Amino acid sequence: MPIGFVWQTFLETPLINLMVGLSALAFGSYGLAILIFTVISRAVTFPLTLRTLHSMRALQDAQPRIQEIQKKYSDPKRRSEETMKLYRELGVNPLGCLGPQLIQLPVFIALYQVIRITLGTTPESVLSLSGRLYDWDIVQGAIPLSTSFLILDLRENGPLWLVAMVFVAMWLQQRISSGRTRATAAPNPQQAQMNQMMQWMMPAIFSWFVFIVPAGLGLYWAGSTVIGIVLQWIFVGPGDFTWGSLVPDRARASLGMKPAAPQRPRRPREPAGGEQTETEESRPEAGVETRTDHGHSRGQRKDGRRGRRPSARSARSQSRSGRRRRR
Amino acid sequence: MFHVKHRPFTPLAVVIAALVLATGCIGDTFSQPSGWASPVEAGEVLLVQSERGRLDALEFTASGALVERWHYPVSDDQVELDAIYATPLVEGDVIYLAGYSGDVVALSLATGRPLPAWGAPVRLDGHIVATPAFDGERLYVATDRGRVSALDASSGRVADVVLDAAGDHPIWGDPVLVGGTLYVADIDRTVHAIGVASGDARWAQPLGGGVPAPLALDREVLIAGSLDSRLYALDAGAGGSELWSFEGDGWFWSRPLVAGGSIYAPTSRGTVYAIDRASGAERWSFASGGSQIRTALALVDGVLVAADKDGAVVGLNPSSGAVLWRSTIDGDILADPLVRGPEVLYLTTGGDLVRVHPQDGRVEELPRLAPGRQDG
């Protein structure tokens, strides 16, 4: 079966009808239909999103141990094996760091095609739509679709304010995602530079796409990113991110504010019974190298699930020994 | 095995590659307009859109081949029509041409050059799909911005705006001008009747669906095909009140054909209906099983000829709907046909002219010679 046929029959055409149907239900507003669809798509992909978020967090927590491995083993093959072993031990997938945005990519792709088809302005594009609609009154009667939403023309390229909104939202999402990594791992300068680049490049790339694709797609991406931030905040937490950290130190100084506190690492805590199982955040003094162990707060496992992993103890013991060496 | 060295550019590359693959040619976000202007016979030449946004004047050679006499625009004209949907209007030795770009121009039929009195093409705000109406002095040009402008035919000056339905109300269907009243329908589900002398709105009738199709007026009955799969008959003399509506199996996007007390109308699902003009009852229907029919039906010598988008042509008995013959044209058909004596000419989207003989369904492509060449 040709892939084009499968794509059209099982994804594109149903999505066209869904969007047209949602538009009819949303009082003829295609923009509102896009936002409703955004919520639906995020809800459908939520389990996957959650898994990715937890995986991402676990990876962030494992950064110091990865650093240790990299220092300890000079042979790349051995280093790779040891790191994979660590991943297995922690139960995380290294590709989880691709981020929640990637989950949305297939939807983004399909929606791009659907918007292109449904919001075509030429007579040919509307005529061709007739062959894609199901014989349902709700979709047949919804044509023509309204192409304006608030001050947006959904067919035109994304306006600058939408581009800016997407950039800020994605930057914030990246910042929240990567904050703990940057703080805890004390990565080498090259790594830090790369992290910093990712922080800016991903928002920049997607903002550029929002600028050159129809605004309807930008609306979806903006809504999806905002929902992603909310989900991340609720289910994974902000990590070491604080709103105050967004204010640059120079601006703080000029405003007479205290310097931004370094990212708060997690410090081990000896629970009752002597077994080290939990950690909590602590604030080191400014200028002191930030370190952390790799624990999770309040009974959360390193793979993001609740409860205690069977291998947790051995993982922690490695962690402790690593810290002692650095000290 | 994963390479665990940090490679932040890998996910970045994945994202970029996926986006580029997904969006393909970003510049071509929406489909380009192609235009479906009907061929027109004007004296010795046929006016056809052979290429997107270009009008060719073709004349027959002794052997029956076609050769170009002129085309418009040429490179010196510095105008881009984008595409031509509106059928060129021929009045005497002047051609009024409206392009999708919003440009309206008056050309000499003999030379294809713009009339000096008009000068440069008149640029209207919006795209032009509907064929303008003409009352001998003024052209009434509708755009997809819901506006109908009256242009002075001698100078091209915009003399008046007779309808300004601000907002998203594209007008795609050809308006009809009869007795000083302009009937025009928009995609936003309204039919308007406007007195062109005064610019007064005589009436406005909301319908259940948008009207992309050209209107047809038969005496006082205004026929409008709609996107809600209905064909509406309105009483033009009584405020546009609905006389009846007929529900088909798809959109009515074609110019309705009124003949012998019947209205013939095809749908986007490839079905041809014969409807009683007085009552709106179905007389017969023919489901071609093919693709959508956008092009108007042609009734020639007692044969109803219908062509679908994919080039499947069928000859029907207009009384019963019985199939008389079937043929195939090599190409897509969206333009209305030109009935030329005992034959029907179809223009394919590729710019080829095809002759169909209604009596037996024979199909012949009209050969075309390179410009300047003659037979032999």
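Colleague: Describe the overall build of chain B, listing the residues and the values that go with them.
Modeller: In terms of regular secondary structure, chain B is built from one helix and 33 strands. Among the 376 residues that make up chain B, the fraction classed as buried is 59%. Partitioning the intrachain contacts of chain B with sequence separation of at least 6 by distance along the chain shows that 42% fall at a separation of at least 24. Accessible surface computed for chain B: about 14,500 Å², of which carbon and sulfur atoms make up 48%.

Colleague: Break down the sheet that holds strand β12 (residues 158–164) of chain B for me, citing the residues and quoting the values.
Modeller: Residues and elements named next belong to chain B. The four strands lie next to each other as β9-β10-β11-β12, forming an open sheet whose pairing is antiparallel. Each having just a single partner strand, β9 (133–134) and β12 make up the two edges of the open sheet. Where strand β11 (residues 147–152) lies against β12, five bridges are found, and the strand directions are antiparallel. Following the sheet pairing, A150 is matched in β12 by D160.

Colleague: For the packing of helix α2 (residues 30–44) of chain A against helix α7 (residues 105–118) of chain A, give the residues involved together with the corresponding values.
Modeller: All names here are of chain A. Here α2 crosses α7 at 160 degrees, and the two axes come no closer than 13 Å. As summarised for this structure, α2 and α7 are arranged roughly antiparallel, according to the angle between their axes. With respect to the hand of their crossing, α2 and α7 are arranged in right-handed fashion. In contact with Y30, I34, F37 and S41 of α2, α7 contributes V107, L111, V114, I115 and T118. For the contact of α2 with α7, the class distribution of residues is seven nonpolar, two polar and no charged.

Colleague: Let's hear about the nonpolar core: which residues, and what values?
Modeller: A:M19, A:Y30, A:I143 and B:L353 are the most contacted members of the largest nonpolar core, which totals 69 residues. The element best represented in this core is α7(A), accounting for nine residues. Leaving out residues up to four positions away in the same chain, A:I143 has contacts with A:V20, A:V126, A:L129, A:L133, B:R189, B:L227 and B:W251. Grouped together as the second largest cluster of nonpolar side chains are 17 residues, B:W70, B:L81, B:L97 and B:L109 included.

Colleague: Which residues make up the pattern of salt bridges, and what are the values?
Modeller: Residue and element names in this part refer to chain B. For the coordinates displayed, the defined rule picks out 29 salt bridges over all chains. Across the pair E247 and R230 runs a salt bridge whose closest N-O atoms are separated by 3.3 Å. Taken as a pair, E247 in strand β20 (residues 241–247) and R230 in strand β19 (residues 230–235) lie far apart in primary sequence, 17 residues in all. A residue is classified by how much of its surface remains accessible, and E247, at 47% relative accessible area, is partly exposed.

Colleague: Lay out the packing of aromatic side chains with the relevant residues and their values.
Modeller: All names here are of chain B. Taken as a whole and assessed by the stated rule, the structure comprises 20 aromatic pairs over all chains. Ring plane angle 90 degrees and centroid distance 5.2 Å describe the contact between W36 and Y85, whose orientation is recorded as edge-to-face. Residue W36 is found in the loop between α1 (9–23) and β1 (40–42), and its partner Y85 is found in the loop between β4 (66–72) and β5 (89–91); the two are separated by 49 residues along the sequence. Considered together, W36 and Y85 belong to a single accessibility category, that of buried residues.

Colleague: So what's going on with the sheet that holds strand β15 (residues 190–195) of chain B? Which residues, and what values?
Modeller: All names here are of chain B. On the basis of which strands lie adjacent, the open sheet formed by four strands has the order β13-β14-β15-β16 and antiparallel pairing. Unpaired on one side and paired on the other, β13 (176–178) and β16 (200–206) mark the two borders of the sheet. Within this sheet the neighbouring strands show an average axis-to-axis angle of 15 degrees, counted without direction. Two elements, β15 and β16, share six bridges in a ladder whose sense is antiparallel. The partner of H192 across the bridge, within β16, is A204.

Colleague: I'd love a proper account of the side chain of B:T143, names of residues and values included.
Modeller: Residue and element names in this part refer to chain B. One can find T143 in the loop between β10 (138–142) and β11. For T143, the side chain forms a polar contact with the main-chain oxygen of D125, separated by 3.5 Å. Sequence-distant contacts of T143, defined by excluding residues within four places in its chain, comprise L124, D125, G126, H127, I128, P170 and I171.

Colleague: Could you give an account of the packing of α2(A) against helix α3 (residues 46–61) of chain A, with specific residues and numbers?
Modeller: Residue and element names in this part refer to chain A. At a minimum axis separation of 4 Å, α2 and α3 run at an interaxial angle of 60 degrees. When the interaxial angle is binned, α2 and α3 end up oblique. Of the residues in α3, those touching α2 at R42, A43 and V44 are F46, P47 and T49. Residue composition of the contact of α2 with α3, grouped by class: four nonpolar, one polar and one charged.

Colleague: Pulling in residues and values, what's your account of empty space enclosed by the protein?
Modeller: Residues and elements named next belong to chain B. Tallying each qualifying case throughout the model produces four cavities of 30 Å³ or more. In this model, the largest cavity occupies a volume close to 130 Å³. Lining the largest cavity are 16 residues, and of these W36, Y85, D174, P214 and R294 lie nearest its centre. The residue inventory of the lining of the largest cavity, partitioned by class, reads nine nonpolar, three polar and four charged.

Here is what the cut-offs are and how they apply
- Residues numbered from 1 in each chain as written.
- Chains lettered and ligands numbered in written order.
- Predicted model: local features only at pLDDT ≥ 70, side-chain atom pairs only at ≥ 80, totals over all residues.
- Heavy atoms only, no water.
- Helix = DSSP H or I, 4+ residues; strand = E, 2+ residues; numbered from the N terminus.
- Buried < 20%, exposed > 50% of the residue type's maximum accessible area, 1.4 Å probe, protein only.
- Contact = heavy atoms within 4.5 Å.
- Areas by Shrake-Rupley, 256 points an atom, 1.4 Å probe, with all protein chains shown as cover.
- Pairing = 2+ DSSP bridges.
- Axes fitted to C-alpha atoms, helices over the stretch in contact; angles between N-to-C directions.
- Parallel < 35°, antiparallel > 145°, perpendicular 65-115°, else oblique.
- Left-handed = near helix turned anticlockwise from the far one by under 90°.
- Nonpolar A, V, L, I, M, F, W, Y, C, P; charged D, E, K, R; others polar.
- Core = buried A, V, L, I, M, F, W, Y, C linked by side-chain atoms within 4.5 Å.
- Salt bridge = Lys/Arg side-chain N within 4 Å of Asp/Glu carboxyl O.
- Phe/Tyr/Trp six-rings, centres within 6.5 Å; stacked < 30°, edge-to-face > 60°.
- Polar contact = N/O pair within 3.5 Å; in protein donor to acceptor, adjacent residues only side chain to side chain.
- 1 Å grid on protein atoms, 1.4 Å probe; cavity = no way out; pocket = protein on both sides within 12 Å on 5 of 7 lines; lining within 4 Å.
- Points joined across faces, edges and corners; volume = space filled by probe spheres on them.

In short, geometric facts, not functional conclusions.
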